[in-house]
Amino acid sequence: MARPFIQPSALPGLRLTAAITFAMLGIVVLIPIGALLARGVSYGPEAIWQMISRERVQAALWLSFRLSAVAALFNLVFGTLLAWVLMRYDFPGRRILDAAVDLPFALPTAVAGIALTALYAPNGFFGSMAAQWGVKIAYTQWGILLALIFVGLPFVTRSVQPVIAEIPREEEEVSATLGARRIYTLRRVVLPALMPAALTGFALALARAVGEYGSVIFIAANIPLRTEIAPLLIVIQLEEFNYDGAAAIGIAMLAISFVMLLLINLLQIWSRRRIGDV
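Throughout, residues of each chain are indexed from 1 in the direction in which the sequence is written. Predicted model: local features are reported for residues with pLDDT of at least 70 only, side-chain atom pairs are reported and counted for 80 or more only, and whole-chain, interface and lining totals are derived from all residues. Side-chain metrics rest on all non-hydrogen atoms present in the structure, leaving aside hydrogens and water.

Let's talk about the nonpolar core
Formed by 33 residues in total, the largest nonpolar core has its most connected members in Val57, Leu61, Val160, Ile249 and Met253. Here a strand is any run of E in DSSP of at least two residues, a helix any run of H or I of at least four, and the numbering for each starts at the N terminus. The element contributing the most residues to this core is helix H10 (residues 182–210), with eight residues. The residues touching Met253, leaving out its near neighbours within four places in the chain, are Leu61, Phe65, Val210, Ala230, Pro231 and Ile234. To define a nonpolar core, start from buried Ala, Val, Leu, Ile, Met, Phe, Trp, Tyr and Cys residues and group those joined through side-chain atoms within 4.5 Å. A 1.4 Å probe rolled over the protein chains alone gives each residue an accessible area, and that area as a share of the maximum for its type sets the label: buried under 20%, exposed over 50%, partly exposed in between. In terms of nonpolar packing, the next biggest core, distinct from the first, is built from 22 residues, Ile137, Ala147, Ala209 and Ala220 among them. For this analysis, residues touch if any pair of their heavy atoms sits within 4.5 Å.

Describing the packing of aromatic side chains
When the centres of two rings from Phe, Tyr and Trp lie within 6.5 Å, Trp using its six-membered ring, the rings pair. Their planes under 30 degrees apart give stacked, over 60 give edge-to-face, and anything left gives tilted. Scanning all chains against the criterion turns up five aromatic pairs. Considering the side-chain rings of Phe105 and Phe155, the 5.0 Å spacing of their centres and the 85 degrees angle between planes classify their relative orientation as edge-to-face. Taken together, the residues span a long stretch of sequence, with Phe105 in helix H5 (residues 103–106) and Phe155 in helix H8 (residues 141–166) at a distance of 50 residues. Exposure remark for Phe105: the relative accessible area of 39% places this residue in the partly exposed category. Measuring from ring centre to ring centre gives 4.9 Å for Phe125 and Phe126, while their planes differ by 85 degrees; the resulting arrangement is edge-to-face. According to the relative accessible area criterion, Phe126 is partly exposed, its value standing at 35%. What links up through ring pairs into an aromatic cluster is the set Tyr120, Phe125 and Phe126.

Here's the deal with the packing of helix H3 (residues 55–88) against H10
Contact geometry of H3 with H10 gives a least axis separation of 8 Å together with a crossing angle of 140 degrees. Between H3 and H10, the crossing angle belongs to the class labelled oblique. Crossing hand, H3 versus H10: right-handed. Where H3 abuts H10, its residues Phe65, Ser68, Ala69, Ala72, Leu73, Asn75, Leu76, Thr80 and Trp84 lie against Val190, Leu194, Ala198, Phe202, Ala205, Leu206, Ala209 and Val210. Residue composition of the contact of H3 with H10, grouped by class: 14 nonpolar, three polar and no charged. A fitted line through C-alpha atoms serves as each axis, taken over the contacting stretch for helices, and the angle formed by two N-to-C directions is quoted from 0 to 180°. The cut-offs work like this: below 35 degrees is roughly parallel, past 145 is roughly antiparallel, 65 to 115 is roughly perpendicular, and the gaps in between are oblique. Here a crossing is taken to be left-handed if its near helix is turned anticlockwise relative to the far helix by less than a right angle, and right-handed if that turn runs clockwise. Only Asp, Glu, Lys and Arg are considered charged in this grouping, and only Ala, Val, Leu, Ile, Met, Phe, Trp, Tyr, Cys and Pro are considered nonpolar; every other residue, Gly among them, is considered polar.

A few points about the UniProt feature "transmembrane region" (unreviewed entry) in the protein
Within the UniProt annotation, "transmembrane region" (unreviewed entry) is assigned to residues 16–38, 59–85, 105–125, 137–156, 189–207, 214–234 and 246–267. Within residues 59–85, the helical portion is 100% and the strand portion 0%, while the C-alpha atoms at the span's ends are 38 Å from each other. Helix makes up 71% of residues 105–125 and strand 0%. Its end C-alpha atoms lie 24 Å apart. UniProt positions are given in the numbering used here, feature names are shortened, and annotations may be inferred rather than shown by experiment.

Rendered as structure tokens:
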């Protein structure tokens, strides 16, 4: 017997809500992506390849995805640690710190970029300290990485916190009572439960970092082949009325992002199956 496309539900209004959901999905996601792909088809595969094979475009794509991956990995580790501290320990100022995690969500990206630049510029508070050691943060790739970490950290922390709250403390205590070392308890008890949520936060942080624009352009010098990100290059192409070129770069970013997120989703499926087998 064929499985129905829409499963029956005891709640009323299933067909209406499903129709609204699919309509909004099409308007917000599918139609814009379809328009981008249609523009690419009209531009031609050969012209798209000529555009993305330029040294400046390849340098911008490599910079954006490389630093986004590094920032997401950093947030995966330290965002999980931050969530663990906020959920497992009680200390003065914990609620304030917990509320501050959401600051990148509420803060406009341009304001975040200006604030980071003011702090980490050579004459800024932290930038002047780093300059004494011969390290320059603002207007370099280090500054871009800092901005991407700032905007992506809440995604990992907020994805992991509910899972940590559901992990019984008794499981950790039983593991310690049976003689397991802390590293073994962490590897065999805690991490398997956290892995799916942590990978979800990693994927969200990576997606946010790849498309980040506002907070980066202020702290980066925007020098071609050095500190120019792919979203900025798309804006430049649009300002020059080269819509086909902007669409070509957008299609390249879409394809690379799709492959990266697909690999992350496959890793999530593998981790869930492994937890189920255990």
